[in-house]
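Per-entry structural report
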Amino acid sequence: MIKLLDLLKEYDNQGPSIPESYLIEKGKIKKIPFSDISKISNLEYDMGGGETSLYEEPNVVVIDNIPVKEFAKDPGGNKKIYLEYNLENSYSFPKANKIHLSQVVYHITNIEALAKTVNNSLKSNGILDFFSDIMSKEDKQFIKILVENYGFFLPDNASLKSLSRYKEENLLLRRGTPYVTPKKEKFVPKEWIYDIVTKEGNARVKYTTDEHNYIDTEKISGTIPDRYFLINRNSKGREPDYIGIRFSLKDWNPEKGPYPYYEVPSGNYFDEVPWKITSFKRVE
């Protein structure tokens, strides 16, 4: 019986054994010298990302075995460098600061060669950003090779025995020195409170930041209808006709007063509608 993972071994005997380098810009393909790769500032690799390139930045070079014409159809950015190469073969690419390796290992037969490529192509103290949606036996073996043979370090809260919990999560490994997970600073929200008067009444309104610098709107008191302040976007049952607006802090200057809009559902999106605020006062 053919195993499912055997069907995923798509790299065998596909793609060149010597890297071919290309610049993809505005849909046009241009062959470039391989030596140009080492000139890229803050170089990173997306190994195996040819079919689903996730990084728009031009410093992230994609390495994969699919033909360049296929990659150029959706390169993931306006200006991308692509290395057409069969990752079944080990190679020493110009050393990068970071390598992204997402859902690749279980497509590979020769995982020892891939581990050698990663080691030879990453700077000392460089980061391997590893992701697997299944964390297969091959994934775990690949990580074990990097740790035991090449001096890669897992995060301080991970071990080779606990890799299963990183299924569908990014696992960061550092080459050459221990990787210490940065301590997350305690989040302290910012708040702004205003007394607002509109043609429909008055209200005391609070704006509060979340961890991503988005603002939630909350009515504290007043006669303005509650529909302007509903903030539960995931409520079960019937969706509300109106919903309190949630917006990015970068789109608002608190010094100029309350955010002047609320949101009304419009198909799958929301339209911003002016509040028509006649006066306001900041509450300290």
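I will try to describe carefully the structure that is included in this document. (Residues numbered from 1 in each chain as written. Predicted model: local features only at pLDDT ≥ 70, side-chain atom pairs only at ≥ 80, totals over all residues. Heavy atoms only, no water.)

**Topic: the pairing of strand S10 (residues 191-198)**
Only one face of S10 is buried: it carries Trp192, Tyr194, Ile196 and Thr198, and the other face, with Glu191, Ile193, Asp195 and Val197, is open. Hairpin geometry of S10 and strand S11 (residues 201-209) is characterised by an intervening segment of two residues between the two adjacent antiparallel strands. (Buried < 20%, exposed > 50% of the residue type's maximum accessible area, 1.4 Å probe, protein only. Helix = DSSP H or I, 4+ residues; strand = E, 2+ residues; numbered from the N terminus. Pairing = 2+ DSSP bridges.)

**Digging into the packing of helix H3 (residues 111-120) against helix H4 (residues 137-150)**
Helices that pack against each other are described as a pair by the angle of their axes relative to one another and the distance between those axes. Contact geometry for H3 and H4: axes closest at 10 Å, N-to-C directions at 50 degrees. If you check the angle between H3 and H4, you find them oblique. Considering only the axes of H3 and H4, their crossing is right-handed. Counting all contacts with H3, which are made through Ile111, Glu112, Leu114, Ala115, Lys116, Val118 and Asn119, the residues of H4 involved are Glu138, Gln141, Phe142, Ile145, Leu146 and Tyr150. Residues that form the contact of H3 with H4 fall into these classes: eight nonpolar, two polar and three charged. (Axes fitted to C-alpha atoms, helices over the stretch in contact; angles between N-to-C directions. Parallel < 35°, antiparallel > 145°, perpendicular 65-115°, else oblique. Left-handed = near helix turned anticlockwise from the far one by under 90°. Contact = heavy atoms within 4.5 Å. Nonpolar A, V, L, I, M, F, W, Y, C, P; charged D, E, K, R; others polar.)

**Describing the sheet that holds strand S1 (residues 20-25)**
With mixed pairing, the nine strands of this open sheet are ordered in space as S2-S1-S5-S4-S3-S6-S7-S9-S8. Since the sheet does not close on itself, it has two edges, and those belong to strand S2 (28-31) and strand S8 (152-153), each with one partner. When strand S3 (residues 44-47) meets strand S4 (residues 60-64), the two strands line up parallel, connected through four bridges. Residue pairing for S4: Glu44 is matched across the bridge by Val60. Relative to the sheet, H3 contacts S3, strand S6 (96-102), strand S7 (122-131), S8 and strand S9 (171-175), its axis offset from that of S7 by approximately 135 degrees. Running over the sheet, H4 touches S6, S7, S8 and S9 and is turned about 165 degrees from S7.

**So, the pattern of salt bridges**
Inspection of the entire model under this criterion finds five salt bridges. For the salt bridge of Arg204 with Asp195, the shortest nitrogen-to-oxygen distance reads 2.7 Å. We classify Arg204 as partly exposed; its relative accessible area is 31%. Residue Glu218 is joined to Lys206 by a salt bridge in which the shortest nitrogen-to-oxygen separation is 3.8 Å. Here the residue Glu218 occupies a position in strand S12 (residues 214-222), and Lys206 occupies one in strand S11, the gap between them amounting to twelve residues. (Salt bridge = Lys/Arg side-chain N within 4 Å of Asp/Glu carboxyl O.)

**Observations concerning the nonpolar core**
In terms of nonpolar packing, the biggest core is built from 39 residues, with Tyr45, Leu101, Leu128, Phe130 and Phe142 touching the most fellow members. For this core, the elements supplying multiple residues, two or more each, are S3, S4, strand S5 (79-84), S6, H3, S7, H4 and S9. If we ignore the near neighbours within four places in the chain, the residues touching Phe130 are Leu101, Val105, Met135, Asp139, Phe142, Ile143, Glu169, Asn170, Leu171 and Leu173. Judged by nonpolar contacts, the second largest core, of 16 residues, contains Ile196, Tyr207, Phe247 and Tyr262. (Core = buried A, V, L, I, M, F, W, Y, C linked by side-chain atoms within 4.5 Å.)

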